[in-house]
Amino acid sequence: MKTNIKSIIPALAAVAAGVALCTACGSEVKITKPSIDAQIIIDRSRTVETEAELRDLERLANEYELAYRRHINGAAAERFKELTADVLADAANVMQQYQQQQQTDQELRAEIDDKLAFLDRVWQLELTTPEQDSRKLEQIAAEAAEAESQLAALAAERTRITEALDAVGYDDDNADELLERYGNQMDEVDRRYAEVTADLEEIMTRVSLYRLAYKLQRGEVFPPVTEPEPEPENNESETCDEDCM
Amino acid sequence: MKRVVILLTAAALSMACSRDKEGIVLDEFAVGEMYDNAATLCEEAICAGSYEEFKSARERLTEYCEAYRTQLGGDVYTEFLEICNEGLTF
């Protein structure tokens, strides 16, 4: 039994040494030649699509460079860096372009979806008679006028607060208090302005909905265009002439 | 007999469903026909004669968008979206 334990000890020591070596090495990469290792980076750079992938690749290239510095020399590290610098820069550009294109695509797709959703609303709008719908449109126009007057009032209020803010002198005893008060008032006015603007946009959307709904659902123009009655032909002069004759 | 009928019905349903899931498969002319495809799809959506027609046109347009995104992607997809976006003017 004793013999058996003694025979195991060297093997255990070898395993422990191996583990210790691996731990000491950490995630350090295995280097061969700068041109060969650079090819690994070049190959991987072709598949970079996300920022995380780019950062991983840059980290790997950095690990190679450090390994060359530690185990070979600075010249080999510089050679490796030189071989991979352009590729990493290109990968960053490609990734940026890819992300930009994805964003553009998302925006375009969202616009298309919004337009289709709007058309869906148009088709679902229940129309009655042109007269009744005209009355609804009049109500909407009144709401729009109300919103516009609110916006004008808020703009005037904004001007008043700006003037009051400008009038506050830094040597005033209660300058801080005044600035805070006017700042809060301005925030409130801005908030209301944004709310009313959104309401007005919704009102204008309703107007467009009615117009388009008449066009698509009934093939008619809305609100109905009332053509001016043709003026009766004035034959007086002719009559007169005839009479005169 | 009853079991056979049930099995056949289930198989037919499953085939029908799997066919629906296939969606649009673009052919080799899809890039060249991109302008025409987009214009036609938009026209179908805008000039639909009824709500049902519009819904069907909307679905087709969405399916084509997905097909161009998944099967071609890149600049072709972006261009397809741009044409559709311009085409959906009312």
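The structure presented is a predicted model; accordingly, all values stated were derived computationally and were not measured.

S.K.: Just give me the short version of the overall build of chain A, but keep the residues and values in it.
M.R.: The secondary structure content of chain A amounts to seven helices and zero strands. In chain A, the succession of α and β elements from N to C terminus is α-α-α-α-α-α-α. Out of the 245 residues in chain A, the part that is buried amounts to 26%. Long-range pairs, those at least 24 residues apart, make up 77% of the contacts in chain A with a sequence separation of at least 6. In the structure as shown, chain A presents an accessible area of about 17100 Å², 53% of it carried by carbon and sulfur atoms.

S.K.: I'd like a description of the packing of helix α2 (residues 34–46) of chain B against helix α4 (residues 74–87) of chain B, backed by residues and values.
M.R.: Residues and elements named next belong to chain B. Between α2 and α4, the least distance of the axes is 9 Å, while the angle of their chain directions is 35°. Classified by chirality, the crossing of α4 by α2 is right-handed. The residues of α4 that touch α2, namely those facing M34, Y35, N37, A38, L41, C42 and I46, are V76, E79, F80, I83, C84 and G87. Residue composition of the contact of α2 with α4, grouped by class: ten nonpolar, two polar and one charged.

S.K.: Help me get a handle on the interface of chain B and chain A, residues and values and all.
M.R.: Facing 22 residues of chain B, the contacting portion of chain A comprises 18 residues. Of the roughly 1900 Å² buried at the junction of chain B and chain A (both faces included), carbon and sulfur atoms supply 63%. At the surface where chain B touches chain A, the tally comes to two salt bridges. Between B:E66 and A:R109 there is a salt bridge, with its nearest N and O atoms 2.9 Å apart. Connecting chain B to chain A are eleven residue pairs in polar contact (both at pLDDT 80 or more). Residue assignment for the side of chain B that touches chain A shows that the elements contributing at least two residues are α2, α3 (51–72) and α4 of chain B. Of the residues in the side of chain B that touches chain A, the class split is twelve nonpolar, six polar and four charged.

S.K.: Go over the side chain of A:E65 with me, naming the residues and quoting the values.
M.R.: Inspection of the secondary structure assignment puts A:E65 in helix α3 (residues 51–71). Judged by its relative accessible area of 13%, A:E65 falls in the buried class.

Conventions used here
- Residues numbered from 1 in each chain as written.
- Chains lettered and ligands numbered in written order.
- Predicted model: local features only at pLDDT ≥ 70, side-chain atom pairs only at ≥ 80, totals over all residues.
- Heavy atoms only, no water.
- Helix = DSSP H or I, 4+ residues; strand = E, 2+ residues; numbered from the N terminus.
- Buried < 20%, exposed > 50% of the residue type's maximum accessible area, 1.4 Å probe, protein only.
- Contact = heavy atoms within 4.5 Å.
- Areas by Shrake-Rupley, 256 points an atom, 1.4 Å probe, with all protein chains shown as cover.
- Axes fitted to C-alpha atoms, helices over the stretch in contact; angles between N-to-C directions.
- Left-handed = near helix turned anticlockwise from the far one by under 90°.
- Nonpolar A, V, L, I, M, F, W, Y, C, P; charged D, E, K, R; others polar.
- Buried area = accessible area lost by both parts, 1.4 Å probe.
- Salt bridge = Lys/Arg side-chain N within 4 Å of Asp/Glu carboxyl O.
- Polar contact = N/O pair within 3.5 Å; in protein donor to acceptor, adjacent residues only side chain to side chain.

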